[in-house]
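These are the residues of each chain, in order.
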Amino acid sequence: QVQLTESGGGLVQPGGSLRLSCAISISMHSLNDMAWYRQVPGKGRELVASLTDGGPTTYSDSVKGRFTISRDNAKNTVSLQMNSLKPEDTAVYYCYVDQIYIGKKIDYWGQGTQVTVFS
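Since this is a predicted model, take the numbers as computed values, not measurements.

Chemist: Describe the overall build of the chain, and please don't skip the residues or the numbers.
Modeler: Counting secondary structure elements, the chain contains 0 helices and 11 strands. Secondary structure of the chain in N-to-C order comes out as β-β-β-β-β-β-β-β-β-β-β. Its C-alpha atoms give the chain principal-axis dimensions of about 50 × 30 × 25 Å. Within the chain, the fraction of its 119 residues that count as buried is 39%. Just so you have it, the chain exposes about 6,300 Å², and 50% of that area is on carbon and sulfur atoms. Computed over 11 positive and 10 negative side-chain charges, the separation of the two mean positions in the chain equals 2 Å.

Below is the structure:
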């Protein structure tokens, strides 16, 4: 069982920055994809940024150029640096990883952390 623990959410004014971190309970070398999603009330989860072990990094068009996803294998963490925040970035942000086990993909989610951008 993989456990994900997010931190770093909070309140920030437009134009400000926040850094989200996701602590992962196992070695990242056993994981496949890592990503950050976000969700606002009444809508489904939206992919914000993702990175694949040995593969490309992708971003949604709405955050491209402002957000950066990164990983730290030594600390077993995946982070999301969010700059130039806008009110429309307000959402609950979720850390996601998956693992391939006996040919099947298993998804894991964090509990979510609230990000509120207000003026």
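Chemist: Give a detailed account of unusual backbone geometry, specifying residues and quantitative values.
Modeler: Phi angles above zero are rare outside glycine, and Asn-76 is one such case at about 55°. One can find Asn-76 in the loop between strand 7 (67-72) and strand 8 (77-82). Positive phi outside glycine occurs at Ile-102, with the angle close to 50°. Among the secondary structure elements, Ile-102 is positioned in the loop between strand 9 (91-101) and strand 10 (104-109).

Chemist: Describe the side chain of Glu-6, listing the residues and the values that go with them.
Modeler: Position of Glu-6 among the secondary structure elements: in strand 1 (residues 4-7). Buried and without a salt bridge, Glu-6 has Arg-45 as its closest oppositely charged side chain, separated by 7.5 Å. Here the side chain of Glu-6 touches Gly-112 through a polar contact of 2.6 Å, landing on its backbone nitrogen.

Chemist: Quick rundown of the pattern of salt bridges? Include the residues and the values.
Modeler: Throughout the structure, instances matching the rule amount to 4 salt bridges. Of the charged contacts in the structure, one is a salt bridge between Arg-66 and Asp-89, with a shortest N-O distance of 2.8 Å. In this pair, Arg-66 is assigned in the loop between strand 6 (57-59) and strand 7 and Asp-89 in the loop between strand 8 and strand 9, connecting sequence segments 23 residues apart.

Reading guide: rules and limits
Residues numbered from 1 in each chain as written. Predicted model: local features only at pLDDT ≥ 70, side-chain atom pairs only at ≥ 80, totals over all residues. Heavy atoms only, no water. Helix = DSSP H or I, 4+ residues; strand = E, 2+ residues; numbered from the N terminus. Buried < 20%, exposed > 50% of the residue type's maximum accessible area, 1.4 Å probe, protein only. Areas by Shrake-Rupley, 256 points an atom, 1.4 Å probe, with all protein chains shown as cover. Lys, Arg positive; Asp, Glu negative; His and termini not counted. Charge placed at Lys NZ, Arg CZ, Asp CG, Glu CD. Salt bridge = Lys/Arg side-chain N within 4 Å of Asp/Glu carboxyl O. Polar contact = N/O pair within 3.5 Å; in protein donor to acceptor, adjacent residues only side chain to side chain.

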